[in-house]
Amino acid sequence: MSAPATPALPSLRETIARHGLEARKSLGQHFLLDPALCARIASAAGPMEGRQVLEVGPGPGGLTRALLDTAAEKVVAVELDRRAVAALAELGAAYPGRLQVIEGDALRLDPVVLLAPPRKVVANLPYNVGTPLLVGWLRRAAALESMTLMFQQEVAERITAAPDTEAYGRLGVLAQWRCRCTLLLSLPPGAFSPPPKVWSAVVGFVPYEQDPGPALFAAMERLTAAAFGQRRKMLRGALKSLGDADELLSAAGIAGDRRAETLSIAEFDRLARVLLTRG
Ligand code: SAM
């Protein structure tokens, strides 16, 4: 199946004016109005045929339009702002049966319940909830084919950071433990209306096949919280809250005088498995 023909739609600026969709800071609203940029993000998400796609925060629907212009089977768009939900109803009418709009808080919704596989998540995320949304989806990564997500550039750099760098921390370890993470595209403030204060960047996530399961994921969350909570400390001190830190580190074959930021993802994986077996 190829992508369906694009229906005639009002411009995004007209949609914004018609529905009184002036951007609200409290909702992290910075809209992408350039159809070419929206199309680039949709195409960065990879093959779409037969896929169901979750979009969080469609706003006036620029990226939603681009997603509907792919061969995706269905787009489920979750939006907190009622004004945008009305604007999206018009878009749904232009793409019959392919757009489901849900008015609600994406933090409370599970993509695995909303979509049938193969599932993708594609979103220009609201800055204020980008990190908790990502961590929630990483827990469910085994059920997702990919995620293509826009964050503030600084968050994107933390997600893709290598060990021994300032940006390497809890978020990067969790993300790179579960997914191959690639920084795909950086966008200047002027690409958005209204422009944010900082650059933004799109990160691609392709989950690894092996699923750690919820107990090991929870162990990794505890471990990374403790390790990076006191990142300047040696691990034998930083991990004290998890029990006998010396014993934990020696069982994982890691020297107690190392610091969290020097550990590779594989070393974090070893430590999390030992932590899990020691309860
Ligand atoms: N996708 C649109 C675009 O690219 O132009 C808008 C992106 S804007 C950065 C983020 C959107 O997320 C806003 O429309 C905002 O109302 C919505 N939003 C904020 N918090 C949300 C939440 N918890 N659940 C669902 N949507 C949310």
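As the structure is a prediction and not an experimental result, all values here were calculated from the model. (Residues numbered from 1 in each chain as written. Predicted model: local features only at pLDDT ≥ 70, side-chain atom pairs only at ≥ 80, totals over all residues. Heavy atoms only, no water.)

**Quick notes on helix α12 (residues 265-277)**
For α12, spanning 13 residues, the distance from its first C-alpha to its last is 19 Å, which sits close to the expected 18 Å at 1.5 Å a residue. For α12, the complete set of buried residues consists of I265, E267, F268, D269, L271, A272, V274 and L275. Phi turns positive, to about 70°, at G279, one or two residues after α12. (Helix = DSSP H or I, 4+ residues; strand = E, 2+ residues; numbered from the N terminus. Expected span 1.5 Å × (residues − 1). Buried < 20%, exposed > 50% of the residue type's maximum accessible area, 1.4 Å probe, protein only.)

**Some thoughts on the site of the ligand**
L32, G57, E79, D105 and N124 are the nearest of the 20 residues found near the ligand. Here an oxygen atom of the ligand sits 2.9 Å away from a polar atom, N or O, in the side chain of Q29. Taking L80, its main chain carries an N or O atom lying 3.5 Å from a nitrogen atom of the ligand. The cavity that encloses the ligand is the largest pocket. For the shell around the ligand, the secondary-structure elements that each account for two or more residues are β1 (31-32) and β3 (74-79). Of the residues that constitute the shell around the ligand, the class distribution is nine nonpolar, seven polar and four charged. (Near = heavy atom within 4 Å. Polar contact = N/O pair within 3.5 Å; in protein donor to acceptor, adjacent residues only side chain to side chain. 1 Å grid on protein atoms, 1.4 Å probe; cavity = no way out; pocket = protein on both sides within 12 Å on 5 of 7 lines; lining within 4 Å. Sits in = over half its atoms within 2 Å of the grid points. Nonpolar A, V, L, I, M, F, W, Y, C, P; charged D, E, K, R; others polar.)

**Topic: the packing of helix α8 (residues 170-178) against helix α9 (residues 213-229)**
At a minimum axis separation of 9 Å, α8 and α9 run at an interaxial angle of 150°. Considering the angle they form, α8 stands roughly antiparallel to α9. Considering only the axes of α8 and α9, their crossing is right-handed. Residues R170, V173, L174, W177 and R178 of α8 pack against L216, F217, M220, E221, T224, A225 and F228 of α9. Partitioning the contact of α8 with α9 into residue classes produces eight nonpolar, one polar and three charged. (Axes fitted to C-alpha atoms, helices over the stretch in contact; angles between N-to-C directions. Parallel < 35°, antiparallel > 145°, perpendicular 65-115°, else oblique. Left-handed = near helix turned anticlockwise from the far one by under 90°. Contact = heavy atoms within 4.5 Å.)

**Things to note about the nonpolar core**
By size, the foremost hydrophobic cluster in this structure holds 60 residues, and its most contacted members are W137, M147, L149, I159, F205, L239 and F268. Here this core gets eight residues from one element, more than from any other, and that element is α9. Each of domain 1 (12-207) and domain 2 (213-277) accounts for three or more of the residues forming this core. Of all hydrophobic cores here, the second largest spans 26 residues; its members include L32, L67, A77 and L99. (Core = buried A, V, L, I, M, F, W, Y, C linked by side-chain atoms within 4.5 Å. Domains from an automatic or database assignment.)

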